[in-house]
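Results of the structural survey
Here are the chains, one letter per residue:
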Amino acid sequence: MQYKSQAVAKPYFVAAIGLFVGQIVFGLIMGLQYVVGDFLFPALPFNVARMVHTNLLIVWLLFGFMGAAYYMVPEESETELYSPKLAIGLFWIFLVAGALTILGYLFVPYATLAEMTGNDILATMGREFLEQPLLTKIGIVIVALGFLFNISMTMLKGRKTAISMVLLLGLWGLAIFFLFSFYNPHNLVKDKYYWWWVVHLWVEGVWELILGALLAFVLIKVTGVDREVIEKWLYVIITLTLVTGIIGTGHHYYWIGAPEYWQWWGSVFSALEPIPFFAMTVFAFNMVNRRRREHPNKAAVLWALGTGVMAFLGAGVWGFLHTLAPVNYYTHGSQITAAHGHMAFYGAYVMVVLTLISYAMPILRGRAANSPRAQVLEMWSFWLMTIAMVFITLFLTAAGILQVWLQRISTAPLSFMATQDQISLFYWLREISGVIFLIGLVIYLISFFVKGESRVGAQ
Amino acid sequence: MSGTFTKSMARNIFYGGTVFFFLLFLALTYDTNQALPKRDNSQNLTPEVIAGKKIWETRNCIGCHTLLGEGAYFAPELGNVYVRRGPDFIKAWIQAQPTGAPGRRQMPQFHLSDKELDDLVAFLKYASEINTANWPPNIEG
């Protein structure tokens, strides 16, 4: 560790991994509810499980991003963090607020939770992914502002690199676009239109800047390739991202009441959205091939390459699959969407956070890399989780194609529930893949506790 | 990438391109807002519809259903349920939950009052009259 204040990243990473486990457990419960409909009902209705599953994902990724920033920015800026105390304080605030929110979802009826937390003052709840009570949303903004203050002040007093500038831009964008979660007009079309300013402009906009910055940082460290080269790539990739992704928001505006020209704007620009992801894959492999050193942390290199490939497949290829308006007319809101969502989130954001953790965690624990035995286990977890996710995606895609055919295309369309019965085989297969994913995750956890001779000399 | 294409050129293209396309997005958003009243059925945003939207939100309906194709994929699309089932069926269905049929997906009982049921139905009627460019492809949603 070059700067001792980088150590504040560690609790963030630990919390991220803990919440990740929770996310997967709830995912498996939901997967089972898809085929055994009354499983855990009424104690845990599907909508509650889903809220926990998706909100945990968002929160643990945010923990991961924040931990990554606390780790990276001192090193990039070549100075200690502005206030390690603030970072630790905000960690506990965020963790407690997050835990209370999840407990609220689980143990308080949602309508009661809304009444208790000021939803009558400003109604923001009950919209997908933005289910958090008003108090939690305000808490998120406060934590984000404190975090951004800390990171920005650190950067201001130190060296300003392209990587830290891009990271900061992404993090500021994340906070700013979250403010649209407080805007919930009565007009459903406007509600949906601006809801996407949080959701799409996060995951297909500013989050990709964070993704690019994290990947670039790790690649510099593990390959030793010249910073000038890597940062130039970074700029090219994020240019492609935002040039295609901002107008690409239009692929969500086809069928929600917005003008129909969005079918053209959305189709053309979002058809180009795979390009930045492809560039990212080429970038990762190119840099590793041109490496000037053999970094002892092979697992981190594997995660970095995996991020490039899986982000391209999940976000790029599976996104393109249903992004053109004439295709989306049939696939909108089907299991195809679910297939894309799973692989894109895993390939892009889960994997990049795990890349950073894989690189940084050994150093935070006082060694350049884990023992070979621990790394082998970590790489097993990489392959198990990644292959399981590929199969989850393939089975959901199969379910989606059948669903679209049976319910929307065939000459004698079936009802929604009749269709679901027809495709339950694929839901079972998805659930089995989910169990494999969980096994991979358990092995991942074990890899942190495997001893063995570690390489000396933390950097 | 060769030496003629420098990092500062890449950076300038990034900032220029981002600003340009974001401004274009804002311009399209402005135009969308101008065009919406012809499509979004906002003339029918009655107090009942507004109250119904709040019930829709505070019961987390989106956690299982889709509305205009957005939401969860566990239960049927409701953007056109008013057309598919009609107001009486919708109210009776909500009141009859959960069915308790073994192994079947279950919907919670929300104990809505008659007024709340009417508001919710008003909201679903309003949603069904938004011009969605003929989506969904058929009545099954």
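Preceding this paragraph is the structure being described.
Here, residues in each chain are numbered from 1, in the same order as that chain's written sequence. Each chain takes a letter, starting from A, and each ligand takes a number, starting from 1, following the order in which they are written. Reporting of local features is limited, given that this is a predicted model, to residues whose pLDDT is at least 70; pairs of side-chain atoms are given and counted only at 80 or more, and all residues count toward the totals for whole chains, interfaces and linings. The basis for the side-chain values is all heavy atoms of the structure; hydrogens and waters are excluded.

Notes on the overall build of chain A
Elements are defined by DSSP. Helices are runs of H or I of four residues or more, strands are runs of E of two residues or more, and each kind is numbered from the N terminus. In terms of regular secondary structure, chain A is built from 16 helices and zero strands. For 459 residues, the compact-globule formula gives about 23 Å, and the C-alpha radius of gyration of chain A, at 22 Å, lands near that figure. For chain A, the spread of C-alpha atoms along the three principal axes comes to 65 × 45 × 45 Å. In chain A, buried positions account for 65% of the 459 residues. For chain A, the proportion of contacts with a sequence separation of at least 24, taken over those separated by at least 6, is 81%. Areas reported as accessible are Shrake-Rupley estimates using a 1.4 Å probe. Residue values count occlusion only from the protein chains shown. For chain A, the computed accessible surface area is about 16,000 Å², with 74% contributed by carbon and sulfur atoms. Using C-alpha atoms as the atom set, the radius of gyration is obtained and then compared with a globule rule of 2.2 Å times the number of residues to the power 0.38. Exposure is judged per residue with a 1.4 Å probe applied to protein chains only, and the accessible area is read against the type maximum: over 50% gives exposed, under 20% gives buried, and values in between give partly exposed. Whether two residues are in contact is decided by their heavy atoms, any of which lying within 4.5 Å being enough.

What to know about a nonpolar patch on the surface
Taken together, the side chains of Ile88, Trp92, Val96, Leu100, Leu103 and Phe107 of chain A present a nonpolar region at the surface, about 640 Å² in accessible area. Following the sequence through the fold, Phe107 of chain A ends up in helix α3 (residues 84-107). Residues qualify for a patch when their relative accessible area is over 30% and they have no salt bridge, like charges being joined within 9 Å and the nonpolar side chains of Val, Leu, Ile, Met, Phe, Trp and Tyr within 5 Å. Think of a salt bridge as a Lys or Arg side-chain nitrogen and an Asp or Glu carboxyl oxygen that are within 4 Å of each other.

Some remarks on the packing of helix α1 (residues 9-35) of chain A against helix α13 (residues 335-364) of chain A
Residues and elements named next belong to chain A. Interaxial angles span 0 to 180 degrees and are taken between N-to-C directions of axes, which are lines fitted to C-alpha atoms, for helices over the stretch in contact. Between α1 and α13, whose axes approach to 11 Å, the crossing angle comes to 155°. In terms of orientation, α1 and α13 fall into the roughly antiparallel class. Crossing of α1 over α13 shows left-handed handedness. Listed contacts from α13 to Ala9, Lys10, Phe13, Val14, Ile17, Phe20 and Tyr34 of α1 are Gln335, Val350, Leu354, Leu356, Ile357, Ala360, Met361 and Leu364. Of the residues assigned to the contact of α1 with α13, the class counts are 13 nonpolar, one polar and one charged. Oblique is the label for any angle not covered by the other classes, which are roughly parallel (under 35 degrees), roughly antiparallel (over 145) and roughly perpendicular (65 to 115). In this scheme the crossing of two helices becomes right-handed for a clockwise turn of the near helix relative to the far one and left-handed for an anticlockwise turn of less than a right angle. Gly is placed with the polar residues, together with every amino acid not listed as nonpolar (Ala, Val, Leu, Ile, Met, Phe, Trp, Tyr, Cys and Pro) or charged (Asp, Glu, Lys and Arg).

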